[in-house]
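Read off the chains here:
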Amino acid sequence: MEFSELQTLAVDALRRLADVFSGWVHSPAFYVQLAAIVVAVIVGALFAIPIKRLSVFRVPPGDTRFAAFRHGLYRLRGAIIPFSIIVALLLAANLYSAFNGGAAPWLIRAAESLALVALLYALIKRLVSNAFIRAMGLWVGLPVAFLAVFGWLDNVTGFLDGIALSAGSVNVSLYDLTRAFVFGSILFWLGRLSNAAGKEAIRRQEQLDLGTREVFAKLFEIGLFVLIFLLLLQIMGINLTALAVFGGALGVGLGFGLQQIASNFVSGIIILLDRSLAIGDHVELEDGRSGTLRELNMRFGVLETYDGKDVVVPNEQFITATYTNWTHKDPQQRYSIEFQVAYSTDLDALFDDLRGICNAHPQVISGPGVEKDQQPDAEIAGFGDSGIDILIEYWMEGIDDGRNRVEADILHEIYRLFRRKGYQFPFPQREVRMLADD
């Protein structure tokens, strides 16, 4: 539609409206209905005054019986006057038709429509507390209701539908854009509420670890908004078949360029399903780097080392490479300490002293309730050139690094023991014989 044609239609509509209005003003029925409207408004307002003075509408409800019901009535006090005026206008319209041989009270009906719009406005302002719903009701619901009660809604929608933009097989009109904006706003608002409720329900699943819950919550959010986007395209009338063909071609191109990212994404899903890793696990990679798994998302995991560094590991490496998980199934770990003593050492007394040192450490697992294979032990590991090889084994909770200093504490106590009881660390010894010349 050209702008000149639109201007001509608007001028013709205004001219016809002026002619009709001029005929209304010069007719006696106009003044009769106008007087009936004035009387109905006054009567309705006067009738509403004693109703608003009732305690249920005047006094805010407290914590009494039926408090919720009384609170709802109290919030409706602003709609009493519009409602009373609508009732009075209905009576006026019926009386006018009865006394004028069934003539249509067109002006009174128009006043009823305006009063109905005012009632809707009062209800929205009083009853709707959500900011989004209130805005949609005031800026979308009221204009639509105004057009509908006056019978102009079909004409306006037809006019908006006539302003269109075509691109190939896709035809988008101004009406489609308006409808998409309104319903899209509602869909995304509902999606946000559903997303919050769904993520909260997923996070309450205690049988899943924290990382799994967070990733499933993110997948739920992505899937929900993709569904909303597809529904929005359907509302706009866009053919999803053509979009699917375009998306397939685009997916093939992105697949070659983003195959590594896709591999890490799928690997992250596999890790979550088989539960081979969890937040808080202490992991050691093939190259010797180790740390506590602090974060596991859809593309990579983050290992936090004890010296404050973050090691970013792609998820694919957890699937295709070998790594050691120290604490996944059992946080208890066994550690060993090796050293040498002189051949002249009383090993029986030394072993008792070494076991006592381990038992005395608060982080070493020991005591009468501990199984024999987990009790601290000291034994001969072998015989060296200069001394006897001694092996100490002990179990503890967690990793002997970072906050834990178990091995360092035990070594320090062993040094004190040797100084106190005279035990000796061996030094390399060689015996040289001088053979006399014949």
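First, a word on what this report is: a plain description of the structure on this page. Just so it is clear, the model here is predicted, and its values are computed rather than measured.

With respect to the overall build of the protein
Here is step 1 of the chain: When you go through the protein residue by residue, the secondary structure sums to 15 helices and 10 strands.
Here is step 2 of the chain: Classification of the 438 residues of the protein by burial places 31% in the buried group.
Here is step 3 of the chain: The contacts of the protein with a sequence gap of at least 6 include a subset with a gap of at least 24, amounting to 59%.
Here is step 4 of the chain: Here the protein displays about 28100 Å² of accessible surface, and carbon together with sulfur accounts for 62% of that area.

Overview of helix α9 (residues 174-203)
Here is step 1 of the chain: Compared with an ideal rise of 1.5 Å per residue, which puts 30 residues at 44 Å, α9 spans 42 Å between its outermost C-alpha atoms and is within 8% of the ideal.
Here is step 2 of the chain: Along α9, the residues classified as buried are Asp176, Ala180, Val182, Gly184, Ser185, Trp189, Gly191, Asn195, Gly198, Lys199 and Ile202.

As for a nonpolar patch on the surface
Here is step 1 of the chain: Together, Tyr31, Leu34, Val38, Ile42, Leu46 and Ile49 make up a nonpolar patch on the protein surface, roughly 550 Å² of accessible area in all.
Here is step 2 of the chain: Under the relative-accessibility criterion, valine 38 is labelled partly exposed at 43%.

Some remarks on the sheet that holds strand β6 (residues 310-314)
Pairing between the strands of a sheet is mediated by backbone hydrogen bonds and can be parallel or antiparallel.
Here is step 1 of the chain: Overall, antiparallel pairing links the 5 strands, which are arranged β6-β5-β4-β3-β7 in an open sheet. Strand pairing shows two members of the sheet lacking a second neighbour, β6 and β7 (324-325), which therefore form its edges.
Here is step 2 of the chain: Alignment of strand β3 (residues 282-284) against β7, held across 2 bridges, turns out to be antiparallel. Bridging across to β7, valine 283 finds its partner in asparagine 325.

Description of the sheet that holds strand β10 (residues 388-397)
Here is step 1 of the chain: Sheet architecture is open: 3 strands sit in the order β8-β10-β9, paired in antiparallel fashion. Two strands lie at the open edges of the sheet, namely β8 (332-341) and β9 (377-383), each paired on one side alone. Adjacent strand axes in the sheet meet at a mean angle of 25° when their direction is disregarded.
Here is step 2 of the chain: The sheet contacts of helix α14 (residues 347-360) involve β8, β9 and β10, and relative to β9 the element is tilted by about 135°.
Here is step 3 of the chain: Sitting on the sheet, helix α15 (residues 406-421) is in contact with β8 and β10, with an inclination near 30° to β8.

Criteria and cut-off values
- Residues numbered from 1 in each chain as written.
- Predicted model: local features only at pLDDT ≥ 70, side-chain atom pairs only at ≥ 80, totals over all residues.
- Heavy atoms only, no water.
- Helix = DSSP H or I, 4+ residues; strand = E, 2+ residues; numbered from the N terminus.
- Buried < 20%, exposed > 50% of the residue type's maximum accessible area, 1.4 Å probe, protein only.
- Contact = heavy atoms within 4.5 Å.
- Areas by Shrake-Rupley, 256 points an atom, 1.4 Å probe, with all protein chains shown as cover.
- Expected span 1.5 Å × (residues − 1).
- Patch = residues over 30% accessible without salt bridge, like charges linked within 9 Å, V, L, I, M, F, W, Y side chains within 5 Å.
- Salt bridge = Lys/Arg side-chain N within 4 Å of Asp/Glu carboxyl O.
- Pairing = 2+ DSSP bridges.
- Axes fitted to C-alpha atoms, helices over the stretch in contact; angles between N-to-C directions.

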